[in-house]
Every structure is written in C-alpha cells, then in structure tokens.
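Structure at a glance
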Amino acid sequence: MLIKNKFLDKYKNLLILSFLLVVFSLLCLINIFNSPSLISDEVYTLEVAKLSWQEMPGILIHETNPPLFYFMAKIWVLIFGSDNDIIFRLMPVLLGLINIVLIYFLGKKYFNRQVGLIASLIMVLSPLNIIHSTEARMYPLVITLSLLLLLIFHNLFFLKKDSLLNWLSFFTVTLLLAYTHLFSAILIALLFFMLLLFRQELKINWQQIIKVVIVYLLVLLIFSFWFLPSMPYKFNSGTSSAWYFNLPPISSLAYNVFTDYFFRINGGTLASFSFAYLFFDLCIIFFMASNFVKIKLLSAPRHLLLEPKFDLKKIFLLYIYLGTALVIIFSNIWTIKFYLFVLPVFYLLLAAGISDVLREHKKLGRGLFCLFIFLLFIFSISIKFDRGRYFPDLANILQQENIDNSSLVLLDINIDTLALSRYYKNDSVIKSINFENDPKSIISMTENNWRETFNEENIDKLSDVVGDKRRVFYRFVNNRKSYLVMDWFFRNGWRMSKSEVDINSGIIVYLFEKDQ
C-alpha cells in the first residue's frame, strides 16, 4: 500500500494530464465525426499541400497567411495522402494535444502544478479550442508556438538562463511564429514592450535588450523574404474584406474579446444555454478578478497596476492579455482567429485565479469551480459547428436536380468553388461571378482573396455566366456584393423559389427560376 501511495504521489500529475489528453482526443474526434467534411479554407489548405514543392512558393506569395503551416500540411499529405478528410484533420488534433501539455508546463513554471493542471483542464474543455484544434488550418500551430515562446521567455528573463541554446530557441520560435500568422506580431511586440516596462523588476541589463533587438531584426529580415514580395497582392481594394475590418461597436468587441475564448463562435454551443452563459460569464469575472483583489492604482508612470506583494508574473500576463485586447478592440478587427495566440495567457490567468480561490475560500471555491467545469463540459459536448456540411449537402442537391440539363451554381467566392468541387465531381457546372478568374484555378482563387473583381460596372456580365439556363442556385452571403446580384436577378425577370441550404453562419443558397 505504501509503495502504491508513493507511486501515485510521484506520478499523480502525469496520470491526470494523461487522462486530460484522452478526454481531449475523444472530444476532438466527436467534433470531427460530427463535421466530417472540410470547409473552404481547409480545402484550400489541402489543395495547396497537393502542389509540388516547386509550385507552392509561387502560390503562397499571393496567400493571406505566411507559408509555414502549408509546408507542414504538404509533409502530412505526402505521408498520409489527401483523400480522407478525417485523416487530414488529425494533424491539428496532434498540435492540440501538444498544446495541452505545453500549457501545463507553462502554468507550472509561471505559478505551480495546480495552476498548470487547471489551465490544461480549461483548454481541454474549451469549445473554441476544440473547434480550432480540429480545423486543418494554422491556428493550433499559432497556439503551440506562442506557448513555446512564453516558456522560452520565462527561462531567459525570469529564471535568468542566459544560455546560447535559449537565445537560439528564442530566435527560432519567434521566426516560426512570424511565418505562421501575421497577427502574431502583436505578441512578439508586446513581449519586447514588457521587457522595457519591467526592466528593473526583471533585472534586465541593456546588453540583453540589445540581444533581443538583434533577434527581432534577424527575424524581420528573414520574414521579409516572404512578406515583401507578397505586399503588392495585399494592398488593394480587396484587403479590407480579406482582413474582416467590419467595424462593429467597440462595446461589442470589448465583451466578445473576453468571452469568445469559450463559446461565442458560430454554432459553438446550443442557444438554449443562455442562463448558463450568464452564470459562466460571472464565474469567469469572479475568478479573473480574484487574481488582482489587492491591486491598487498608483501614480507611478511606469506601471498602472501594482500589488503590495508584487506578483510580477500575474501582472506580466495581464498586460500581455490586455495589450492584445486593446489592439483588437481599437483596430476593429473582428475575427477571433486573429488573437488565438493570446488564448493560453487568458487560460493561465483564469487558472491562477481559480487556484487562489480554492486556496483562500475552500468551500466556495470548490463549489464554483465544480459548477464552472460542469458548464464548460456541457458546452464542449454540445458543439454544433456545422462547418463544411454546406458543400456536400449542396452537391447532393445539384445531383438530385440533374443540374447538367437544367441549372448551375453561381458562387461569388472562388475558394468556395474549390470546396464544392471536392464534393461535387462535375466541375463544369460550377461558375463564379468573379469574372476575371478561372473558378477551377487555385492561382486565381488565391489572388481573389485580395482582389475585388466584381462591382456594379460589370454586374450585367452575369447574363454571360447564366447563359440560357432557367434554374440557378445562388450562394448568398450577407454583404453588398450579394445584394447587387440578388437585385440583378429580380431586375431581369427571375423569381426566387426557395432557400435550399441554410447553415448557422448565415450562408444561404437560393434557387432562382425564370419562365421560358
């Protein structure tokens, strides 16, 4: 019995972490099997990965995102093939599993083992993390590299392990993060700002600051090999739509930047949990605030927040999170994927707050924590993210409607044309209203991400696309371009028969018919 207890004491955390990895794997697999078909962005990733090594650089110069994840997807496709959607989605699941382990070690290093385990548990049950860990895109890799960067930063500047290996790791991970997503520049810049802000508390000399500057300059130089050639394709009329500058109210952004980390995503959870959402939000606020109950406002200009017993690591993480949130809010960038790199920071702060409550208010803390985790578990198993179902569903409709003889599909986003082609094999019926692009060319699809070729001046060219067809399926998206197309149909004697496919992101496919 004594031997058994010693074994459990020694490996308890490892066993808990292993259990969490199993739970996360099951939740990811459930989500994958509930949403078996790829969305358009995932199909695009797959098609790029199927290109030859020689072809890929020419395509990725035009692409919105840096190329690292596409090269990783290429290696995955070479090993496992490209025919099975589920196998292709296992690549981000593996990254998600790595992230669970990394956030445990990050929590352990910054705080203690309990915080690491709580942060891992939150990440395991977060619907947002589950969704993006089962999406064959670069977002779980962004989280992986962000976690690694925070770990290396801790070794260099908190633990003072000023070794060549740590500096090389700092340079390598920063470079890889830059080559994964453009918005990772926010985290990279904030880390440098934190060094300057807390230079005295961290006992950082100017020689170390100069080393960081040299690392950043080298990263910028190497990153420019991809970014500078890609710039002409980014700064044009299509850029604003590609980067989702939708300009929502700042108050809405401030709230959603906070709550999206769990469930505020299209189809993320069941709408019937509205009261649970409210309670869940209150729990988050309570646990987060418990980190900083003793914080006082000081007149010192160097930092706004300071505790009597100064907890530098908490303040450091809080500044990283708030700095990111402010950038997102005041630049009106409304896409949660663009700030996933700060997701671990938020979960660590939340875990640290929960740990404080459990230590200082045992009964209250345990009750709230259990209810909080129960709700999070309910949210995680109630994911209704119907991504990708649109394409096979529409393909089935087209086949049933004998589309070769009576109708065609009119799509206004070429990358969706690519996705539909994967599930509906007869590419010839798929048309695009982006008149200057070949709807079956991956090059034109990539370029279209940055270019607006459709406008009011060429709206009448729709007649060439429609030809003599009398039945047209039109994919409607809630933007000005779609309304122009709808207006053209009505002005030219078409009538709307019905909506064929309606998914919960608001994308609808209408059937238009015209009498002989």
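For the structure itself, look to the data block above.
Nothing here was measured: the structure is a model prediction, and the numbers come from that model.

**Remarks on the pairing of strand β5 (residues 471-476)**
In terms of residue burial, β5 counts as a mostly covered element, since six of its six residues are buried. The side-chain alternation of β5 yields two buried faces, one formed by R471, F473 and R475 and the other by V472, Y474 and F476. In terms of strand pairing, β5 meets strand β7 (residues 508-513) through six bridges, oriented antiparallel. Its bridge partner being in β7, F476 is matched across the sheet by I508.

**Observations regarding the pairing of β7**
Buried residues dominate β7, accounting for six of its six residues. What you see with β7 is no split at all: I508, Y510 and F512 on one side and V509, L511 and E513 on the other are buried throughout.

**Comments concerning the packing of helix α17 (residues 343-360) against helix α18 (residues 362-381)**
Between α17 and α18, the least distance of the axes is 6 Å, while the angle of their chain directions is 140 degrees. Compared by their axis directions, α17 and α18 come out oblique. Contacts from L350, I354, V357, L358, R359 and E360 in α17 reach K362, G365, R366, F369 and F372 in α18. Along the lines of polarity and charge, the residues of the contact of α17 with α18 split into six nonpolar, one polar and four charged.

**A few points about a positive patch on the surface**
Side chains of K108, K109, R113 and K161 sit close together on the surface and give a patch of like positive charge. Assignment of secondary structure puts K161 in the loop between α8 (139-158) and α9 (164-178). Given the relative accessible area of 43%, K161 is considered partly exposed.

**Quick look at the packing of aromatic side chains**
Using the criterion set out here, one finds 29 aromatic pairs in the structure. Seen in terms of ring centroids, F157 and W167 are 5.9 Å apart; in terms of plane orientation they differ by 85 degrees. Their pairing is edge-to-face. Of this pair, F157 sits in helix α8 while W167 sits in helix α9, and the two are ten residues apart along the sequence. Like F157, the residue W167 is buried in the burial classification. Members of the aromatic cluster, each reached through a chain of ring pairs, are Y110, F153, F157, F158, W167, F170, F192, Y216 and F316. Cation over ring: K74 sits above W53, and NZ or CZ is 5.7 Å from the ring centre.

What counts, and where the lines are drawn
- Just so you know, the residues in each chain are numbered from 1, in the order the chain's sequence is written.
- Only residues with pLDDT of at least 70 get local features here, since the model is predicted, and only at 80 or more are side-chain atom pairs given and counted; chain-wide, interface and lining totals rely on the full set of residues.
- Each side-chain value is derived from all of the structure's non-hydrogen atoms; neither hydrogens nor water enter the calculation.
- Only protein chains enter the accessibility calculation, which uses a 1.4 Å probe; a residue is then buried when its area is under 20% of its type maximum, exposed when over 50%, and partly exposed in between.
- Here a strand is any run of E in DSSP of at least two residues, a helix any run of H or I of at least four, and the numbering for each starts at the N terminus.
- A pair of strands is considered paired only if DSSP assigns at least 2 bridges between the two.
- Each axis is a line fitted through C-alpha atoms, and for a helix only the stretch in contact is used; angles between axes span 0 to 180 degrees, taken between their N-to-C directions.
- Should an angle fall under 35 degrees it is taken as roughly parallel, and over 145 as roughly antiparallel, whereas 65 to 115 is taken as roughly perpendicular and any remaining angle as oblique.
- For this analysis, residues touch if any pair of their heavy atoms sits within 4.5 Å.
- Think of it as three bins: nonpolar holds Ala, Val, Leu, Ile, Met, Phe, Trp, Tyr, Cys and Pro, charged holds Asp, Glu, Lys and Arg, and polar takes everything else, Gly as well.
- To count toward a patch, a residue needs a relative accessible area over 30% and no salt bridge; like charges are then connected within 9 Å, while nonpolar side chains (Val, Leu, Ile, Met, Phe, Trp, Tyr) are connected within 5 Å.
- The accessible surface values rely on the Shrake-Rupley method and a 1.4 Å probe; as for residues, cover is taken only from the protein chains in view.
- What counts as a salt bridge is simple: a side-chain nitrogen of Lys or Arg found within 4 Å of a carboxyl oxygen of Asp or Glu.
- His is not counted, nor are the chain ends, whereas Lys and Arg count as positive and Asp and Glu as negative.
- Each charge is placed at NZ for Lys, CZ for Arg, CG for Asp and CD for Glu.
- The rule is short: rings of Phe, Tyr and Trp, with Trp giving its six-membered ring, pair when the centres are within 6.5 Å, and they are stacked under 30 degrees, edge-to-face over 60, tilted in between.
- In our convention, an over-ring charge means Lys NZ or Arg CZ found within 6 Å of a ring centre and within 35 degrees of that ring's normal.

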